[in-house]
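Chain by chain, the residues run as shown.
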Amino acid sequence: MHPNYFAVFREFARNSLVREMTFRGNFLLDCVSSLSWVFMQLGLYLVIFEHTDQLGSGTGWGRWPFFVFLATTLFVNSLVQFFFMTNMEELSDLIRTGNLDFALLKPIDTQFLLSLRKFEWSSLANVVFAAILLAVSLGHLEFRPTPLQGVLYVVFILCGVALLYSLMIALGSVSVWLGRNESLYDFWFYITNFSRYPMEIYEGPFGTPLRLAFTFAVPILLVANVPARLLAWPFESQDWRLAGYAFVASLVALVASRKLFYKALAAYRSASS
Amino acid sequence: MTAVVADLASRCAVWWTILRICIEERLVYRGDFALGTLMRFLPIITQTFLWTAVFVGAGGPSTIGGYSRDEFIAYYLLTYVARAFSSMPGLASSIAAQVRSGEIKKYLVQPIDLLTFLFLSRMAHKLVYYAVATAPFALVFYLCRGYFEGWPDAPTLAAFVLSLLMSFLLGFFLEATLGMIGFWFLEVSSLLFVYMLFNFFFSGHMFPLTILSEPWRTIVLYQPLQYLAYFPAAVFLGKVQGPALVEGLIGQAAWTLAFVIAARTAMYYGVRRYSAFGG
């Protein structure tokens, strides 16, 4: 008999919330901590836009369109953090200590169990801030997105989450083979750093190949660029092609990372006695 | 006289032993360490593209905040060197944690001074770091040599090295002082987080502090965090010269001395407040 996945998902969310609310002071501090990082980022871009009207020449990424982009990046990253980050951080420990055995024995999909056991509720503070930043930025734009663009924005935010999650689960799979992978998680952080900027800034003999690689080979540039474009200005034909590609890429990434994860699990050798 | 020499020799032997043990401890995961160091340079790539886009977007001004585009990139690379000296990951939190858990009493009952032990341990960490990180640093600087106008003259280089060494001392004693607060407040993690944020922003790690508009620019150039990243990098690039350079080095020495005294004083009063129970 298959478990009711939605009920399990709801129970995971409830348990995490109960745990967070047990230490309310700590929860508030976590919210303030994650918001402080966001304010630092915002501070940097406010300083930057004191010196320039836009990033690059004729790219359209002026102050307010860029803040739409920043809000989008925040949405995607905060959602990844909310659903998956804590679980993926713990995966390496589970493998190293042999406690992964207990997850494998449970009558539920292992990837589902390991990916969603704990929710990081404090990340939602960033989601709220991102919503405010997005609303303020859209208010300053002359262009008004259509309701369809709004709906597609949500769809492509989810595609962005799927792309980052796939990368994360792929790196998590590698830890089954390596045992220790602290540098791999650093790698995740540094690689996703590329996705935090508009793709137009990657120009020139080194920038263009980099942009192509991070668009088509490891498509992390699509994570924020596609949804942000939907709201920042009227969508053009090449943007539709990019959006279509982002949709397909996120589906392929989910399937490929799942295959890799189960291949890794097949190679898992328990560490317990 | 012989007794003094014998005492000094025995102290040196203890210090050497501590240093050697700490070095061996640090070398256990050297592969992970070297890979981690190389990856830490990856944000340089995005910073290069970001600031290139800023300069292009601004219509190609010769400088922003006194730095050309190439100097911005050189500046970022140099802050990596400065932070390799001044950053003290986990120092303050480990002192506070040892106070909280009671582990600190091993320093109180044994003839080892806590600050000396931590200093030597940190020195060992840094020595291992430089040994392992020199190759990735050299590779990145070689690849990015085009962003530098060449080596500075000997006095500037000497001032740069001096500022780096002082940034190590300042970083250590500043964090140690923060850790000592653990004697008064058992939980200092939020305070350390605030410090980390301030450090990130006001040390000049994110951008050269001179790009800030007034009055922020003047204010930030009076605070000690600038010596952890901004000042050494600015010295190397020749942005601080003549009397300003001498003043800067004196200012850095003064802040370092102030935090040496602060850490010692905090420890002196802290251990008198401290009480430990159980075995």
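Within every chain, residues take consecutive numbers counted from 1 along the sequence as written. A letter from A marks each chain and a number from 1 marks each ligand, given out in the order of writing. Reporting in this predicted model follows two pLDDT cut-offs: at least 70 for local features of residues, and 80 or more for side-chain atom pairs to be given and counted; totals over whole chains, interfaces and linings ignore these cut-offs and use all residues. Working from all heavy atoms in the structure, the side-chain values ignore hydrogens and water.

## Re the overall build of chain B
Phase 1 of the analysis: In DSSP terms, a helix is any run of H or I states spanning at least four residues, a strand is any run of E spanning at least two, and both are numbered starting from the N terminus. Helices and strands together make up the secondary structure of chain B, namely 12 helices and 0 strands.
Phase 2 of the analysis: Reading the secondary structure of chain B in the N-to-C direction produces α-α-α-α-α-α-α-α-α-α-α-α.
Phase 3 of the analysis: The C-alpha atoms of chain B give a radius of gyration of 21 Å, which matches the 19 Å a tight globule of 279 residues would have.
Phase 4 of the analysis: Considered along the principal axes of its C-alpha atoms, chain B spans approximately 70 × 40 × 40 Å.
Phase 5 of the analysis: Of all intrachain contacts in chain B linking residues separated by at least 6 positions in sequence, the fraction that spans at least 24 positions is 80%.
Phase 6 of the analysis: Using a 1.4 Å probe, the Shrake-Rupley method yields the accessible areas, and only the shown protein chains count as cover for residues. Only carbon and sulfur atoms are counted for the fraction: they give 69% of the accessible area of chain B, which is about 13600 Å².
Phase 7 of the analysis: For the charge count, each Lys or Arg is scored as positive and each Asp or Glu as negative, with His and the chain ends excluded. Charge coordinates come from a single atom per side chain, which is NZ of Lys, CZ of Arg, CG of Asp or CD of Glu. Here chain B contributes 18 positively and 14 negatively charged side chains, and the mean placements of these two sets differ by 7 Å. Atoms counted for the radius of gyration: C-alpha only. Globule rule: 2.2 Å times residue count to the power 0.38. Working rule for contacts: check all heavy atoms of both residues, and any pair within 4.5 Å makes them a contact.

## Points about the overall build of chain A
Phase 1 of the analysis: Assigned secondary structure in chain A consists of 11 helices and 0 strands.
Phase 2 of the analysis: Counting helices and strands in the order they occur from the N terminus, chain A gives α-α-α-α-α-α-α-α-α-α-α.
Phase 3 of the analysis: Rg of the C-alpha trace for chain A: 20 Å, near the compact-globule value of 19 Å for 273 residues, within the 12% margin.
Phase 4 of the analysis: Each residue is assigned to one of three classes by its accessible area relative to the maximum for its type, calculated with a 1.4 Å probe on protein chains only: buried under 20%, partly exposed between the two thresholds, exposed over 50%. Expressed as a percentage of the 273 residues in chain A, the buried residues total 55%.

## Some remarks on the packing of aromatic side chains
Residue and element names in this part refer to chain A.
Phase 1 of the analysis: Aromatic contacts are taken between Phe, Tyr and Trp rings whose centres are within 6.5 Å, Trp giving its six-membered ring; a plane angle under 30 degrees counts as stacked, one over 60 as edge-to-face, and the others as tilted. Per the stated rule, a full pass over the model turns up 55 aromatic pairs over all chains.
Phase 2 of the analysis: Between the aromatic rings of phenylalanine 12 and phenylalanine 112, the centroid separation amounts to 6.0 Å while the plane-to-plane angle is 35°, which identifies the pairing as tilted. Of this pair, phenylalanine 12 sits in helix α1 (residues 5–22) while phenylalanine 112 sits in helix α5 (residues 110–116), placing them 100 residues apart in sequence. You'll find phenylalanine 12 and phenylalanine 112 in the same group, each marked buried.
Phase 3 of the analysis: Summarising the aromatic geometry, the rings of phenylalanine 194 and phenylalanine 214 are spaced 4.7 Å apart at their centres and angled 35° between planes, so their arrangement reads as tilted. Taken together, the positions of phenylalanine 194 in the loop between α8 (182–192) and α9 (204–217) and phenylalanine 214 in helix α9 put the pair 20 residues apart, joining distant regions of the chain.

## Some details on the interface of chain B and chain A
Phase 1 of the analysis: Taken residue by residue, the interface counts 31 residues in chain B and 32 residues in chain A.
Phase 2 of the analysis: Taken together, both faces of the contact between chain B and chain A bury some 2900 Å²; the carbon and sulfur share is 76%.
Phase 3 of the analysis: Each of two parts loses accessible area, computed with a 1.4 Å probe, when they are put together; buried area is these two losses added. Contact with chain A buries surface across chain B, with Thr46, Phe49 and Leu50 of chain B losing the most and accounting together for 20% of the total.
Phase 4 of the analysis: We define a salt bridge as a side-chain nitrogen of Lys or Arg found within 4 Å of a carboxyl oxygen belonging to Asp or Glu. Linking chain B with chain A are 0 salt bridges.
Phase 5 of the analysis: N or O atoms within 3.5 Å of each other form a polar contact, as long as, within protein, one can give a hydrogen and the other can take it, and as long as residues adjacent in sequence are counted only when both atoms are side-chain atoms. Taken together, the connections running from chain B to chain A amount to 6 residue pairs in polar contact (both at pLDDT 80 or more).
Phase 6 of the analysis: For the side of chain B that touches chain A, the secondary structure elements donating two or more residues are α2 (30–39), α3 (42–57) and α9 (189–202) of chain B.
Phase 7 of the analysis: Ranked by residues supplied to the side of chain B that touches chain A, first place goes to α3 of chain B with 12 residues.
Phase 8 of the analysis: For this scheme, ten residues count as nonpolar: Ala, Val, Leu, Ile, Met, Phe, Trp, Tyr, Cys and Pro. Four count as charged, namely Asp, Glu, Lys and Arg, and the remainder, Gly too, count as polar. Split into classes, the residues belonging to the side of chain B that touches chain A amount to 23 nonpolar, 6 polar and 2 charged.

## Topic: the pattern of salt bridges
Residues and elements named next belong to chain A.
Phase 1 of the analysis: On inspection of all chains with the given rule, the structure shows 9 salt bridges over all chains.
Phase 2 of the analysis: With a closest N to O distance of 3.3 Å, glutamate 11 and arginine 14 form a salt bridge. Of this pair, glutamate 11 and arginine 14 both sit in helix α1, 3 residues apart, roughly one helical turn.
Phase 3 of the analysis: Put simply, Glu90, Arg117 and Lys118 are held in one network by salt bridges that share partners.

## Quick look at helix α4 (residues 69–86) of chain B
Phase 1 of the analysis: Here the expected span of a helix is defined as 1.5 Å times the quantity of residues minus one. The end-to-end C-alpha separation of α4 of chain B is 25 Å, in line with the 26 Å expected for 18 residues at 1.5 Å each.
Phase 2 of the analysis: Buried residues dominate α4 of chain B, accounting for 16 of its 18 residues.

## Considering the confidence of the model for chain A
Phase 1 of the analysis: A score between 0 and 100, pLDDT records how confident the predictor is in each residue. Model confidence for chain A is summarised by a mean pLDDT of 87, while 96% of its residues fall at 70 or above.
Phase 2 of the analysis: Confidence, read as mean pLDDT per element, is least for α8 of chain A in chain A (73) and greatest for helix α6 (residues 124–140) of chain A (93).

## Focus on the side chain of threonine 177 of chain B
Phase 1 of the analysis: Mapped onto the elements, threonine 177 of chain B comes out in helix α8 (residues 154–180).
Phase 2 of the analysis: We classify threonine 177 of chain B as buried; its relative accessible area is 14%.

## A few points about the confidence of the model for chain B
Phase 1 of the analysis: Within chain B, residue pLDDT values average 85, and 95% of them lie at 70 or more.
Phase 2 of the analysis: Here α2 of chain B stands out as the least confident element of chain B, with mean pLDDT 68; helix α11 (residues 230–236) of chain B is the most confident, with 94.

## Digging into the environment of tryptophan 37 of chain A
Phase 1 of the analysis: When you line up the elements, tryptophan 37 of chain A lands in helix α2 (residues 24–51).
Phase 2 of the analysis: The class for tryptophan 37 of chain A is partly exposed, based on a relative accessible area of 30%.
Phase 3 of the analysis: In this structure tryptophan 37 of chain A touches Phe193, Met196, Leu197 and Phe200 of chain B, once residues within four positions along its chain are discounted.

## Re the packing of α2 of chain A against helix α3 (residues 63–97) of chain A
Residues and elements named next belong to chain A.
Phase 1 of the analysis: Helix axes are fitted to C-alpha atoms over the stretch in contact, other axes to C-alpha atoms as well, and angles between N-to-C directions run from 0 to 180 degrees. Taken N-terminus to C-terminus, the directions of α2 and α3 make an angle of 160°; their axes are 12 Å apart at the nearest point. Taken as axis vectors, α2 and α3 run roughly antiparallel relative to one another. Pair α2 / α3 crosses with right-handed handedness. Along its contact with α2, which presents Val38, Leu42, Tyr45, Leu46 and Phe49, the element α3 presents Arg63, Phe66, Phe67, Leu70 and Leu74.
Phase 2 of the analysis: Classifying every residue of the contact of α2 with α3 by side-chain character gives 9 nonpolar, no polar and 1 charged. Oblique is the label for any angle not under 35 degrees, not over 145, and not in the 65 to 115 range, which are roughly parallel, roughly antiparallel and roughly perpendicular in turn. Here is the rule for handedness: rotate from the far helix to the near one, and if that takes an anticlockwise turn smaller than a right angle the crossing is left-handed, while a clockwise turn gives right-handed.

## Here we look at the nonpolar core
Phase 1 of the analysis: Side-chain atoms within 4.5 Å are what join buried Ala, Val, Leu, Ile, Met, Phe, Trp, Tyr and Cys residues into a set we call a nonpolar core. Counting 172 residues, the largest nonpolar core has Tyr45, Leu55 and Leu100 of chain A together with Trp51 and Phe207 of chain B as its most contacted members.
Phase 2 of the analysis: Of all the elements, α3 of chain A adds the most residues to this core, at 18 residues.
Phase 3 of the analysis: Discounting residues that sit within four places of it in the chain, tyrosine 45 of chain A has contacts with Phe66, Phe67, Leu70 and Tyr197 of chain A.
Phase 4 of the analysis: In this structure, Ile18, Leu19, Cys22 and Ala124 of chain B belong to the second largest nonpolar core, which totals 5 residues.

## Examining the environment of phenylalanine 49 of chain B
Phase 1 of the analysis: Structurally, phenylalanine 49 of chain B can be placed in helix α3.
Phase 2 of the analysis: Spatially, the C-alpha atom of phenylalanine 49 of chain B lies 9.6 Å from that of isoleucine 73 of chain B, the residues being 24 residues apart in sequence.
Phase 3 of the analysis: Excluding its chain neighbours within four sequence positions, the residues that come into contact with phenylalanine 49 of chain B are Ile201, Tyr202, Glu203, Phe206, Gly207 and Leu210 of chain A.

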